[in-house]
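# Overview (structure and organization)
What follows is the residue order along each chain.
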Amino acid sequence: MALDPAVEQTIARAKESFARGAYVAALEDLQGVAERHPAFADVQNLIGLCLSLLGRGEEALPAFERATELNPGYVEAHLNRAITLNDLGRTDEARESFQRAAEADEEKSGGRFSSAAAAKLANMHAELGDTYAAAGAGDEALEEYRKAAALRPQFLDIRNKLARTLIELGRADEGVAELESILDRRASFVAARANLGLAHYRAGRLDDAEREWRRCEQQQPDNAQVSGYLGMLARQREAS
């Protein structure tokens, strides 16, 4: 469908605003476009991203859902919805949404399994990893998370668990590498960025830790975990 040049300019302006972190301005433009053209999946996905980055995750979900209704094969929108659900603590729904993302992905996993089978196996390995982690068996948990991530590397919540396990095992720099890779794909994944700050903190890089936690604070001002990390950092500096 050909767009009015003015609409194209508005979308381009919104994308520019989004790229420089001006999410309110981007959202205003995108919502204006959506009122006139409600059937643009890309616009709905961007609305969801803006809302998510503004800490309005519950409001973001309908936009992601609308995007996937308009385009059931829109893998990125499925993933954005899944990560937003995960950030909201709705982990069971997040897992289902990650699986829908896998099923929407036309590409195979790169191994001998279909996309759907690889997704199911990845979730099974991740659940086993959770069980090992709860039992204090970090090395075994790490092995299961690695198997899961190898099957479905786009399941960023699983990779975040892998990175957190690396940190807890004293392998902070490996955790940093994994988390930076995750955030390259989804810069708004606050839980992963919080873990990146923790990895830097454990490695003694306090300024880097603060930078990441401040970014988390901007995205989710009411995040209690991030507030706790910043308090921990302040006490560490006072004791130094």
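Quick summary incoming for the structure in this document. Here the residue numbering is sequential within each chain, running from 1 through the sequence in written order. Confidence filtering applies because this is a predicted model: local features only for residues at pLDDT of at least 70, side-chain atom pairs given and counted only at 80 or more, and all residues used for totals across whole chains, interfaces and linings. Excluding hydrogens and water, the side-chain figures rest on all heavy atoms present in the structure.

## A closer look at the pattern of salt bridges
Every case where a carboxyl oxygen of Asp or Glu lies within 4 Å of a side-chain nitrogen of Lys or Arg is listed as a salt bridge. Inspection of every chain in the model, using the stated rule, returns 22 salt bridges. With a closest N to O distance of 2.9 Å, Glu58 and Arg90 form a salt bridge. With Glu58 in helix H4 (residues 57-70) and Arg90 in the loop between helix H5 (75-87) and helix H6 (91-104), this residue pair connects regions lying 32 residues apart in the sequence. Relative accessible area decides the class of each residue, using a 1.4 Å probe on protein chains only: under 20% of the type maximum gives buried, over 50% gives exposed, and in between gives partly exposed. Accessibility expressed as a relative area gives 25% for Arg90, which makes it partly exposed. Taken together, the shared-partner salt bridges in this structure form one network comprising Asp207, Glu210, Arg214, Glu217 and Arg237. Going along the chain from the N terminus, every DSSP run of H or I of four or more residues is numbered as a helix, and every run of E of two or more is numbered as a strand.

## With respect to the environment of Asp173
Its place among the elements puts Asp173 in helix H10 (residues 172-185). Each C-alpha atom of the pair Asp173 and Glu127 lies 25 Å from the other, and the pair is 46 residues apart in sequence. The contact definition used throughout considers only heavy atoms, calling two residues in contact when any of these lie within 4.5 Å. Contact partners of Asp173, with chain neighbours within four places excluded, come to Ala203 and Arg205.

## Quick look at the layout of surface pockets
Taken as a whole, the largest pocket spans an internal volume of roughly 300 Å³. Lining of the largest pocket is provided by 16 residues; of these, Tyr23, Leu53, Ala187, Ser188 and Gln219 occupy positions nearest its centre. Breaking the lining of the largest pocket down by element, the ones donating at least two residues are helix H3 (41-53), H5, H10 and helix H12 (206-219). By residue class, the composition of the lining of the largest pocket is six nonpolar, five polar and five charged. Cavities and pockets were defined on a 1 Å grid built from protein atoms only: a cavity is a group of points that admits a 1.4 Å probe but offers it no way out, a pocket is an open group of points flanked by protein on both sides within 12 Å along at least five of seven lines, and a lining residue is one with an atom within 4 Å of any such point. Grid points are joined across faces, edges and corners, and a volume is the space filled by probe spheres set on the points. Note on residue categories: nonpolar means Ala, Val, Leu, Ile, Met, Phe, Trp, Tyr, Cys or Pro, charged means Asp, Glu, Lys or Arg, and polar means any other residue, Gly included.

That's the geometry; what it means functionally is another story.
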